[in-house]
Structures are given as C-alpha cells and as structure tokens.
Amino acid sequence: MAKFDVVDLDMKKVSELELSDEVFGAEPNANLFYEVAKMQQINRRRGTVGVKNTSLVSGGGKKPWKQKGTGRARQGSIRASHWVGGGKAMAPKSRDYLYRPPKKVRRGALKAVLSLRAREKSLIILSDFNLSAPKSKQAFEALTKRLKLADALVIDAKTNTNLHRSVRNLAKFDVLPPEGLNLESVLRHKHLVLTSAAAKAIEGALS
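So, how was this worked out
Residues numbered from 1 in each chain as written. Predicted model: local features only at pLDDT ≥ 70, side-chain atom pairs only at ≥ 80, totals over all residues. Heavy atoms only, no water. Helix = DSSP H or I, 4+ residues; strand = E, 2+ residues; numbered from the N terminus. Rg over C-alpha atoms; globule rule 2.2 N^0.38 Å. Contact = heavy atoms within 4.5 Å. Areas by Shrake-Rupley, 256 points an atom, 1.4 Å probe, with all protein chains shown as cover. Lys, Arg positive; Asp, Glu negative; His and termini not counted. Charge placed at Lys NZ, Arg CZ, Asp CG, Glu CD. Buried < 20%, exposed > 50% of the residue type's maximum accessible area, 1.4 Å probe, protein only. Arc of directions from axis to C-beta.

J.: I'm lost on the overall build of the chain in this one. Help?
T.: In terms of regular secondary structure, the chain is built from seven helices and six strands. Order of helices (α) and strands (β) in the chain, N terminus to C terminus: β-β-α-α-α-β-α-β-α-β-α-β-α. Relative to its length of 207 residues, the chain is extended, with a C-alpha radius of gyration of 28 Å against a globular reference of 17 Å. Its C-alpha atoms put the chain at 95 × 35 × 25 Å along the principal axes. Long-range contacts, defined as pairs at least 24 residues apart, comprise 66% of the intrachain contacts of the chain with a sequence gap of at least 6. Per element, the accessible surface of the chain, about 12,400 Å² overall, is 52% carbon and sulfur. Computed over 39 positive and 19 negative side-chain charges, the separation of the two mean positions in the chain equals 21 Å.

As structure tokens, then:
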C-alpha cells in the first residue's frame, strides 16, 4: 500500500491516505495508453455517410424503351448509375466504427495513468473540495491561487453539484465523477486533483 498526503485547499497536510499499489503504483504502459486512446477517438466517429445505390433509389421500375429497334442504346432503368437521378455505383454505406479492447486493457490503462501522475508528483489528494455556491470564480480562485494550478482535472462525486457546476465552465480545468474517469481526460491535463473519497472510490472500482 502506497501512502499519499491528504491536503486542504491551502496545500497544508491534514492526514495520510493508503492506496493500493495495484492502482496507484503500476508501471506506465505505452501500449495500453495507445489502445485505450485509440478506442476513445474511434468511438467518437459517426458512420453516418450513406449514398443510395440503384436498388435503393425510388422509381425506374419500368424499362424506358424497348430493347431493339429504336436506334438508341439499350437501357434497363432510368435509375441506373449513369442516369441523372440514378443511384451511385459502389456507393459508400453507413457503418459502425465501434472498437472496444478487453476490460483488462481498459482498466490497466487507467491504473497506469493514475500511477504515472502519482510518480510525476502531479496527483493531489484533497480532504474535500466544497464550495459555498456554484460559482466559477470561487472554483477558479481555489484552483489557481490556493492550489497554485494552471491546468487540472478534478475528480469528485457527482453529488457535489456546486463543484461540478463551477469547474465545468473553466477553460483549462475539467471535472468528472469517479465513474467518469477516462484516459484521455487525465492525459489532457497536467495535474489530477482527487478528493479522498474519490480516490477510495476509484481504488475500489479498479481493484
């Protein structure tokens, strides 16, 4: 079990917290980072492109003219691909880009990135992060002036609505509940700020 200092909003140590080495002391793994980051980016794709081929275009059920004797080229349908208004030959189809690596890989990437932030001394564990009202200015002052941070991801329970409503409006800060923790959000920010309750929740979910 690794020991972490628990501090208040003025960065003064108030206690210590023991967290699992399995979750906060794992070895960084670039391959896991790659697979899970690729999953998050690919799954944002929307395979909505779709063009109608000849069989999907309405009309054209009747042969436009008889096969022989007109002097014109034979035609089977006015909805063939070479006609105006016809279907497109070999048309692209909508598709599902879903990519989902195994659960062990997804969890391993989260453990590795949490451990990376801990190793870099970029992980801050707060005793609590309570605001008197949902005020972005109040959250900004707490993060920049008291915690001395310029960029961070804050993790706390979604029941802390004042915090979530305040931080989500800040340009260089983001806030998530423990169950919303994801690789890209952690890597996008230089610091990770957890409340002690959130740290224990994450440890329980990943152990």
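J.: What am I meant to see in helix H4 (residues 136-146) here?
T.: Three or four residues apart is the spacing at which side chains of an α-helix point the same way, because the helix has 3.6 residues per turn. For H4, every residue scored as buried is listed here: Ala139, Ala142 and Leu143. End-on view of H4: buried residues confined to an arc of 85°, all on one side of the axis. Residues of H4 that are exposed and angled more than 90 degrees away from the buried face: Lys137 and Lys145. Looking at the packing, one finds that the buried side of H4 touches strand S4 (152-155), helix H5 (161-167) and strand S5 (173-176). The first or second residue beyond H4 is Lys148, which carries a positive phi of 60°.

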